[in-house]
Structure formats: structure tokens, C-alpha cells
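Analysis of the macromolecular model
Take a look at the letters that make up each chain.
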Amino acid sequence: MAVTSEATTAWKGSLFEGSGEVTFTSSGIGTFDVNWKARSEGSSSVTTPEELLAGAHSSCFSMALSNALADNGTPPESIDATASITFKPGTGITGSHLNVNAVVPGLDDETFQKIAADAKANCPVSQALAGIDITLEATLA
């Protein structure tokens with residue numbers, strides 16, 4: 001069964017002076033402000049498309065890694081993953097860096113690195129981001 005997720009953005013004004021709100025309509029979890037200034041300069045109070053994408057990438061990767069570790073017979077106790085999406089005005093999204101720390105009893109680091117690399121390559125969000133550089137830093141705790 002296919003699942004379609006939906007978000008809606010209402011934008012007013014030009015790119016540089018305008019602003020918008022993105023609403024997560026499928027889950028109803030909330031509405032968040034977006035604007036160019038936050039996207040091009042950073043902000044601690046307004047989100048960006050890249051921050052939203054980072055959330056999608058880190059959660060998708062965590063799910064893929066958890067599943068792959070379980071398939072290996074070594075289910076994780078915990079996975080902490082961060083995705084850092086880089087945006088350069090005038091160029092676009094240039095990369096995603098995944099940083100993961102996991103507690104996986106009974107697993108050696110070499111095997112963990114292989115499984116993490118495979119999860120990075122095969123999670124659906126990584127596949128959707130195939131046009132950018134995706135890097136991985138994986139630590140087995």
C-alpha cells in the first residue's frame with residue numbers, strides 16, 4: 001500500500017521580502033514559518049526547506065539502519081542520527097552529511113560501517129537526494 005504525505009505552504013510577497021508558512025497537513029503536527037532570510041543567513045526561530053529535509057533524511061536513515069541491523073541479527077539498542085543539509089544561495093542544496101552514533105551489542109565496527117554505508121545508500125530519502133553529495137560519519141558506541 002502506498003502512503004502519500006502532504007505539506008502545504010502559503011507564501012506572500014517576493015522571495016526576498018516575503019514569507020510563508022508550511023503546514024504539515026497529513027499529520028497535523030503544526031505550522032512553521034519560512035522565509036528567505038532564514039534560508040540564506042540562518043535562524044533559530046524560523047525553519048527552512050533544508051532543515052525540514054534534514055529531518056526527513058535523518059529519520060529515514062535511522063529507520064533503514066535499524067532495519068538493516070535487525071536483519072543482520074544485531075538489533076540496535078539506540079541510534080542517534082543527525083543530517084546536516086548544506087544550502088548555498090545561487091547554487092542550491094549541495095550536500096547532506098549524516099552523523100550517526102549507535103549502540104549495537106555484539107557487532108564489530110567493520111560490520112557496522114558496512115551496514116551503515118548500505119543504509120545511507122539505500123534509504124529512500126538518500127535515493128531521492130542522489131543528485132547531491134551524501135557523506136557519512138558512523139560511530140559504534
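Further up the page is the structure itself.
These lines cover the structure that appears in this document, whether it is placed above or below. Model, not experiment: these values are computed from the prediction.

Considering the pairing of strand S2 (residues 19–23)
The alternating pattern of S2 places Gly-20 and Val-22 on a buried face, while none of Ser-19, Glu-21 and Thr-23, on the opposite face, is buried. The pairing of strand S1 (residues 8–12) with S2 spans 5 bridges and is antiparallel. Note that in S2 the partner of Lys-12 across the bridge is Ser-19. Where S1 folds back onto S2 in an antiparallel hairpin, the turn is made up of 6 residues, including Gly-13, whose phi is positive at roughly 95 degrees. Direction of pairing for S2 relative to strand S3 (residues 31–35): antiparallel, over a ladder of 5 bridges. The partner of Gly-20 across the bridge, within S3, is Val-34.

Quick notes on helix H3 (residues 109–122)
With 14 residues, H3 extends 20 Å from end C-alpha to end C-alpha; this agrees with the ideal 20 Å at 1.5 Å per step. The set of residues buried in H3 consists of Phe-112, Ile-115, Ala-116 and Ala-119. Here the buried residues of H3 occupy an arc of 100 degrees about the axis, which is enough to place them on one side. Facing away from the buried side of H3 by over 90 degrees, the exposed positions are Glu-110 and Lys-114.

About the criteria used
Residues numbered from 1 in each chain as written. Predicted model: local features only at pLDDT ≥ 70, side-chain atom pairs only at ≥ 80, totals over all residues. Heavy atoms only, no water. Buried < 20%, exposed > 50% of the residue type's maximum accessible area, 1.4 Å probe, protein only. Helix = DSSP H or I, 4+ residues; strand = E, 2+ residues; numbered from the N terminus. Pairing = 2+ DSSP bridges. Expected span 1.5 Å × (residues − 1). Arc of directions from axis to C-beta.

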